[in-house]
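Tertiary structure, described
For reference, the chains in residue letters:
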Amino acid sequence: MTDGYNARVMMTSTPPVPASSTGIDQDSAEGDVPVTCPFCGLLCDDVAVSARESSIDVRARGCATSRDGFARAGSQALAERASPRIKGRSASLDDAIAASASILRDAALPLISGLATDVAGARAALALADRCGAVVDHMNSPAKFRNLLAFQDRGWVSTTLAEARNRADVVVVIGARAEARFPRLFERILGPADSLVGLAAAERRIVVVGRGPNPSTGPAATLRIEVDATQLHDVVAGLAAIAAKRPIHAAQVAGIPLERLRAVVELLRGARYGVVTWAAPDLEVAHAELAVQAIARLVAELNATTRCAALPLGGTDGDFTADAVSLWQTGLPFRTSFASGKPRFEPWLHDGRRMLQGGEVDALLWIATLGVQAPPKTALPTIMIGSHDQVAAADCDVAIPVGTPGIDHAGHLVRVDKVVTLRLAACRPSSLPRAAEVLDGIRQRI
Amino acid sequence: MLTRLAGGRVFDPANGIDGVVRDVCFDDGRIVADPGPGAGGRTIDVGGAVVMAGAIDMHTHIGGGKVNLARLLLPEDHRTSAYARDEMLRACCGRAAPSTLATGYRYAEMGYTMCFEPAMLPVNARQTHLEMGDTPIVDKGAYALLGNDDFLLRMLAAGEPQEKINDYVAWTLDASQAIAIKVVNPGGISAFKFNQRRLDVDEKHTHYGVTPRRVLQALTRAVHELQVPHALHVHGSNLGIPGNVDSTLATIEAADGLPIHLTHIQFHSYGAEGDRKFSSAAARIAEAINTHPNASCDVGQIMFGQTVTMSGDSMSQWRNAGLGRPNKSVVMDIECDAGCGVVPFRYRDRSFVNALQWAIGLEIFLLVRDPWRVFLTTDHPNGAPFTTYPHLIRLLMDRAFRNEMLERIDPDARAASTLGSLTREYSLYEIAIMTRAAPARTLGLADRGHLGAGASADVVVYRDDPDRERMFEKPQLVFKGGRLVVRDGKIVEITTGDTHVVKPAFDRAAIEGSLRPYFERFLTMRLESFRISDDEACECGNGARLVVHRCCRPGAAA
């Protein structure tokens with residue numbers, strides 16, 4: 001009745017299926033097998049790499065971000081040099097874990113941040129935060145909260161990659177850096193030749209709001225609204241007001257004639273399925289959440305007569321991953337404190353950077369396993385749990401090198417649209433521990 | 001070690017035991033036949049108490065993308081419902097949109113040992129399993145959503161044969177690690193992406209030309225032919241719209257006599273009569289259930305107070321977005337697979353509409369004659385949070401209490417309802433059917449929901465309190481897989497529940513031959529990335545065991 005190939009799988013009566021017949025790749029990918037790239041929120045799962053003992057090279061369907069990420073994380077030379085350190089000296093993993101536990105135990109209010117890790121790492125980080133009464137905040141929170149505050153205030157109508165890919169006949173990109181942040185966005189999502197609803201590539205109209213290079217792949221921008229990053233919020237407020245048919249007592253918005261903005265709204269109104277997309281880090285103004293609210297209002301207005309949806313872009317550095325795990329385990333997003341024993345969410349009070357600068361916390365645990373995420377400079381006792389190339393450069397009280405999900409070990413990450421979670425297989429065998437193992441070890445010592 | 005629960009009054013409908021005083025014995029996680037005196041082990045005196053199998057919630061939104069959206073949307077809910085960590089439990093929060101930890105803790109404390117997430121988007125299945133993995137103590141399973149995915153609608157538009165649809169349905173169960181198939185607003189979620197705002201049972205989808213009736217026929221048949229134990233789980237067309245009773249009756253007929261489960265049927269039992277063009281159609285719905293032995297339903301009872309509605313039905317949720325309290329909402333189109341919508345609601349007893357919704361749910365409970373075919377749900381959290389179940393049980397069991405509550409609601413709604421004239425009171429035996437035996441039977445869980453030898457030792461002991469709300473709120477003892485997890489309503493051990501799935505046989509090569517080019521042409525991940533292996537399901541489940549249930553027709557010998 002039980003067992004078969006896996007003691008954890010119980011069959012109530014039919015015989016077990018042999019693992020091989022499921023046709024699913026096992027844990028490691030070798031040669032030119034497509035792997036999932038963990039280095040930006042798109043999580044492209046078609047990247048061909050060749051993984052050797054000494055290095056990992058991207059062979060096909062890579063981008064600047066993935067080539068750099070795989071090269072750094074895949075460098076065996078760096079991995080060999082990486083060992084846990086306590087106050088700069090090599091130490092055993094066990095001692096480093098004990099030293100970390102001691103720092104957290106002695107702290108009145110530790111901050112757990114960085115949080116660039118996979119689902120298992122986030123699960124372990126939250127269990128640890130609960131145990132030691134820490135404040136939890138992600139390195140990307142300053143940008144992320146622009147979206148989050150707008151979302152919590154009114155919500156929005158949104159969409160995901162495959163919907164945008166197949167249905168969007170008009171795409172408005174707010175900010176000119178979307179391609180720099182998500183290099184294959186236009187190639188894979190906004191510009192493919194084929195579509196479920198028979199939408200030809202030539203029929204897609206792209207509007208770029210912002211000053212910067214044209215996307216290098218996909219269809220060229222049909223319309224450009226050239227404004228500086230600091231004026232994006234004025235433009236989206238104008239678009240939302242036009243869509244809502246509010247009177248605007250000005251001939252220009254951010255130096256752009258109103259007629260140009262009307263043309264954008266008309267394009268969206270005439271679309272079968274419009275998409276408005278942005279990356280929150282591009283909205284570099286105070287109270288950028290108001291700009292995000294304006295985008296949400298614009299989209300809501302358009303849905304009165306046609307379809308339109310927002311596509312906020314994120315997910316890089318595991319921000320959506322750690323956020324999702326925090327939400328489901330505790331009910332709350334980042335900037336939550338466990339100090340009182342109850343979880344308490346406060347978007348300003350528990351801003352990790354602010355607390356660090358203001359001396360409101362007295363120890364820092366920084367987790368950075370997905371590319372380049374250096375810890376903030378601080379005189380406080382600091383523990384760094386990071387990928388080997390990160391740890392090598394870090395000047396911390398305790399530094400523990402761990403594997404990169406999708407390179408050294410399998411793991412789960414949440415994609416740019418928050419809906420899809422992908423499993424990343426290991427590229428090659430690795431002796432580095434997982435962040436989750438180290439975090440669990442620390443928790444057990446407290 | 002053998003455990004003997006001695007002297008309790010046992011309610012075990014699957015084995016025909018109705019309040020008989022007898023011992024219940026279990027050993028090594030399983031119920032065993034009474035080995036007689038002198039067998040050793042421990043004996044726990046439960047004389048005077050009521051003993052039942054662990055309760056099973058067959059429709060509760062406990063995990064997945066829409067639940068996390070609701071959590072994010074409602075810091076209001078969480079400020080007032082935060083729980084501190086202690087030596088046993090971790091800090092968590094939430095009432096209407098509880099965290100996974102709060103969900104597991106609260107369910108176990110109420111004597112529930114299994115919960116089924118009824119709306120798992122296949123494309124979001126991994127997250128759903130991860131969330132269920134972080135839901136402690138209770139066993140879990142999920143129903144995969146189909147019927148608005150472009151792949152199926154294309155197949156139907158192209159007139160593909162039923163065998164191919166069956167393969168696709170079985171493949172989806174396997175790839176997403178599900179135990180049943182659900183359809184939400186058949187075709188309507190997809191139609192909304194093409195700017196259709198309503199889709200009745202015989203209206204055509206503007207792009208694919210397929211009707212909801214055709215979707216229902218294809219899926220009820222597939223589920224039946226694959227011998228998936230649970231009937232197609234149907235969230236019908238036109239949710240919440242006055243007069244939608246006709247759509248619901250048409251939906252039942254669309255099954256052509258094949259098994260069909262109508263979920264949260266309260267939201268689909270509305271007439272359009274009276275001054276306010278909103279009336280109860282509970283009698284017509286109950287009559288339809290009573291006369292269609294192929295049909296079952298769960299109620300989706302509403303309770304007054306703050307909650308949040310979360311649904312795959314983006315078309316309906318967009319329509320309802322303006323009713324949100326607090327005034328905010330999320331609507332999503334999802335990955336050529338499905339959609340979702342989250343709208344917070346505050347049901348008020350002084351609102352005519354809300355009060356009548358409350359009465360309609362209770363009317364259905366009392367008018368459907370067969371407790372094996374009507375399940376106790378609030379469609380958590382859409383009608384109310386699951387923590388209101390003890391109150392709901394009292395409403396069903398205690399007519400005087402029910403009438404007292406009826407006096408408090410909007411007087412016009414009271415006048416528009418027959419509730420005051422309904423004298424039925426549920427018995428403990430019937431409650432045990434609705435919350436244990438029947439959910440296990442409909443889901444094909446041969447070793448759950450009962451106390452016969454061989455069943456999992458999920459056992460609940462209640463003090464026999466005439467106040468049934470108090471009785472069901474705080475069981476005296478809860479055993480999960482033979483381990484004592486709750487004593488006097490307090491958790492004493494945290495365990496990891498199992499994950500329950502079915503895996504009907506299908507032609508993988510044939511269906512993947514069609515799916516692979518579809519994924520490559522249109523979707524944004526590879527077929528291999530979509531599928532969840534058995535090992536991965538266990539990993540997502542935090543080390544949960546994967547329990548694969550047999551596919552066979554209900555009633556067939558095991």
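Preceding block: the structure.
The structure presented is a predicted model; accordingly, all values stated were derived computationally and were not measured.

Observations concerning the interface of chain A and chain B
- On the chain B side, the residues contacting the 75 residues of chain A number 75 residues.
- Buried surface at the junction of chain A and chain B, summed over both partners, amounts to about 6800 Å²; 52% is from carbon and sulfur atoms.
- With a closest N to O distance of 2.5 Å, Lys193 of chain B and Glu163 of chain A form a salt bridge.
- On inspection of chain A and its partner chain B, the count reaches 52 residue pairs in polar contact (both at pLDDT 80 or more).
- Of all the elements in the fold, those that place two or more residues in the side of chain A that touches chain B are β1 (9-11), α4 (119-132), α5 (141-154), β9 (157-158), α6 (161-167), α8 (185-190), α12 (319-330) and β23 (421-424) of chain A.
- Residues of the side of chain A that touches chain B, tallied by class, amount to 32 nonpolar, 23 polar and 20 charged.
- Both β9 of chain A and strand β18 (residues 330-334) of chain B contribute to a ladder of 2 bridges, which runs parallel.

Let's talk about the packing of aromatic side chains
Residue and element names in this part refer to chain B.
- Enumeration over the complete set of coordinates arrives at 23 aromatic pairs over all chains.
- Geometrically, the ring pair formed by Phe116 and Tyr143 is stacked, given 6.3 Å between the ring centres and 20 degrees between the ring planes. Within this pair, whereas Phe116 is found in strand β9 (residues 112-120), its partner Tyr143 is found in strand β10 (residues 139-145), the two being separated by 27 residues in sequence. Take Phe116 and Tyr143: they sit in the same class, and that class is buried.
- Grouped by ring-pair contacts, the aromatic residues Phe151, Tyr168, Trp171, Tyr518, Phe519, Phe522 and Phe530 constitute a single cluster.

Brief notes about the pairing of strand β16 (residues 295-298) of chain B
Residues and elements named next belong to chain B.
- Residue alternation in β16 divides its side chains into two sets, Ala295 and Cys297 and Ser296 and Asp298, and both sets are buried.
- Judged from the 3 bridges that link them, strand β13 (residues 260-262) and β16 form a sheet pairing that is parallel. Bridge pairing in β16 links Ile260 to Ala295.
- Here β16 pairs with strand β20 (residues 374-375) via 2 bridges, running parallel. Bridging from a neighbouring strand, Cys297 pairs with Val374 of β20.

As for unusual backbone geometry
- Of note, the bond from Arg325 of chain B into Pro326 of chain B is cis; its omega dihedral lies within 30 degrees of zero at -10 degrees.
- The residue Pro326 of chain B is located in the loop between α11 (314-320) and β18 in this model.
- Omega for the bond connecting His380 of chain B with Pro381 of chain B falls within 30 degrees of zero, at -5 degrees, which places this linkage in the cis form.
- Counting through the fold element by element, Pro381 of chain B comes out in the loop between β20 and α13 (389-397).
- Even without being glycine, Lys87 of chain A reaches a positive phi, approximately 50 degrees.
- Tracing the backbone shows Lys87 of chain A in the loop between β5 (85-86) and β6 (89-90).
- A positive phi angle, close to 60 degrees, is found at Gln227 of chain B, a residue other than glycine.
- By secondary structure assignment, the location of Gln227 of chain B is in the loop between α8 (212-225) and β12 (232-235).
- Of the residues examined, Gln227 of chain B reaches a relative accessible area of 28% and is grouped as partly exposed.

Topic: the state of the cysteines
Residues and elements named next belong to chain B.
- Counted according to the given criterion, the structure contains 0 disulfides over all chains.
- Looking at the unpaired Cys336, the closest cysteine sulfur is the one in Cys340, lying at 15 Å.
- Exposure remark for Cys336: the relative accessible area of 4% places this residue in the buried category.

Some details on the pattern of salt bridges
- Here the structure, examined in full by the defined rule, presents 68 salt bridges over all chains.
- For Arg354 of chain A, the salt bridge identified is with Glu360 of chain A, shortest N-O distance 2.8 Å.
- When its relative accessible area of 35% is taken as the criterion, Glu360 of chain A is described as partly exposed.
- Salt bridges sharing partners connect three or more residues here, namely Asp174, Lys503, Arg508, Glu512, Arg516, Arg526, Glu528, Arg531 and Asp534 of chain B.

A closer look at the nonpolar core
- Counting 331 residues, the largest nonpolar core has Phe70, Ile174 and Ile385 of chain A together with Trp358 and Phe365 of chain B as the members making the most contacts within it.
- Among the elements that line this core, the one with the most residues is helix α12 (residues 352-367) of chain B, at 10 residues.
- Setting aside its immediate chain neighbours within four residues, Ile385 of chain A contacts Leu365, Trp366, Ile367, Ala368, Thr369, Ile400, Val402, Ala435, Val438, Leu439 and Ile442 of chain A.
- In this structure, Phe26, Ile31, Ala49 and Ala53 of chain B belong to the second largest nonpolar core, which totals 18 residues.

Topic: the sheet that holds strand β3 (residues 47-51) of chain A
Residue and element names in this part refer to chain A.
- Spatially, the 3 strands line up as an open sheet ordered β2-β3-β4, and their pairing is antiparallel. Whereas interior strands pair on both sides, the edge strands pair on one side only; in this sheet they are β2 (34-35) and β4 (56-60).
- Strand direction decides the pairing type here: β2 and β3, joined by 2 bridges, are antiparallel. Within β3, the residue paired with Val35 across the bridge is Val47.

Here's the deal with the side chain of Asp12 of chain B
Residues and elements named next belong to chain B.
- Note on placement: Asp12 falls in strand β1 (residues 3-12).
- Buried and without a salt bridge, Asp12 has Arg22 as its closest oppositely charged side chain, separated by 6.8 Å.
- Asp12 has contacts with Ile17, Gly449, His450, Leu451 and Gly452, leaving out every residue within four places of it along the chain.

Here we look at the packing of α8 of chain B against helix α9 (residues 245-254) of chain B
Residue and element names in this part refer to chain B.
- As a packed pair, α8 and α9 sit with axes 9 Å apart at the nearest point and diverge in direction by 40 degrees. The angle between α8 and α9 falls in the class oblique. Note that α8 runs across α9; the crossing there is right-handed. On the side of α8, the interface is formed by Arg213, Leu216 and Gln217, while α9 contributes Ala250, Thr251, Glu253 and Ala254.

A closer look at the side chain of Asn185 of chain B
Residue and element names in this part refer to chain B.
- Along the chain, Asn185 falls in the loop between β11 (180-184) and α7 (188-193).
- We classify Asn185 as buried; its relative accessible area is 1%.
- Among the polar contacts listed, one links the side chain of Asn185 to the side chain of Asp313, at a separation of 3.0 Å.
- The contact partners of Asn185, leaving out residues within four places of it in the chain, are Asn148, Leu199, His235, Gly236, Ser237, Asp313, Met315 and Ser316.

A few points about helix α4 (residues 125-133) of chain B
- The buried count for α4 of chain B comes to 9 of 9 residues, which makes it a mostly enclosed element.
- Within α4 of chain B, the full set of buried residues consists of Ala125, Arg126, Gln127, Thr128, His129, Leu130, Glu131, Met132 and Gly133 of chain B.

Considering the sheet that holds β5 of chain A
Residues and elements named next belong to chain A.
- Across the sheet, 9 strands lie side by side as β6-β5-β21-β20-β19-β7-β8-β17-β18; this open sheet has mixed pairing. The open sheet is flanked by β6 and β18 (344-345), the only strands paired with a single partner.
- With 2 bridges connecting them, strand β17 (residues 336-337) and β18 associate as antiparallel partners. Considered in β18, the bridge of Thr336 is made with Phe345.
- Running at roughly 130 degrees to strand β21 (residues 398-402), helix α3 (residues 93-106) makes contact with β5, β7 (110-116), β19 (363-368), β20 (382-387) and β21 of the sheet.

Rules and cut-offs
Residues numbered from 1 in each chain as written. Chains lettered and ligands numbered in written order. Predicted model: local features only at pLDDT ≥ 70, side-chain atom pairs only at ≥ 80, totals over all residues. Heavy atoms only, no water. Contact = heavy atoms within 4.5 Å. Buried area = accessible area lost by both parts, 1.4 Å probe. Salt bridge = Lys/Arg side-chain N within 4 Å of Asp/Glu carboxyl O. Polar contact = N/O pair within 3.5 Å; in protein donor to acceptor, adjacent residues only side chain to side chain. Helix = DSSP H or I, 4+ residues; strand = E, 2+ residues; numbered from the N terminus. Nonpolar A, V, L, I, M, F, W, Y, C, P; charged D, E, K, R; others polar. Pairing = 2+ DSSP bridges. Phe/Tyr/Trp six-rings, centres within 6.5 Å; stacked < 30°, edge-to-face > 60°. Buried < 20%, exposed > 50% of the residue type's maximum accessible area, 1.4 Å probe, protein only. Disulfide = S-S within 2.5 Å. Core = buried A, V, L, I, M, F, W, Y, C linked by side-chain atoms within 4.5 Å. Lys, Arg positive; Asp, Glu negative; His and termini not counted. Axes fitted to C-alpha atoms, helices over the stretch in contact; angles between N-to-C directions. Parallel < 35°, antiparallel > 145°, perpendicular 65-115°, else oblique. Left-handed = near helix turned anticlockwise from the far one by under 90°.

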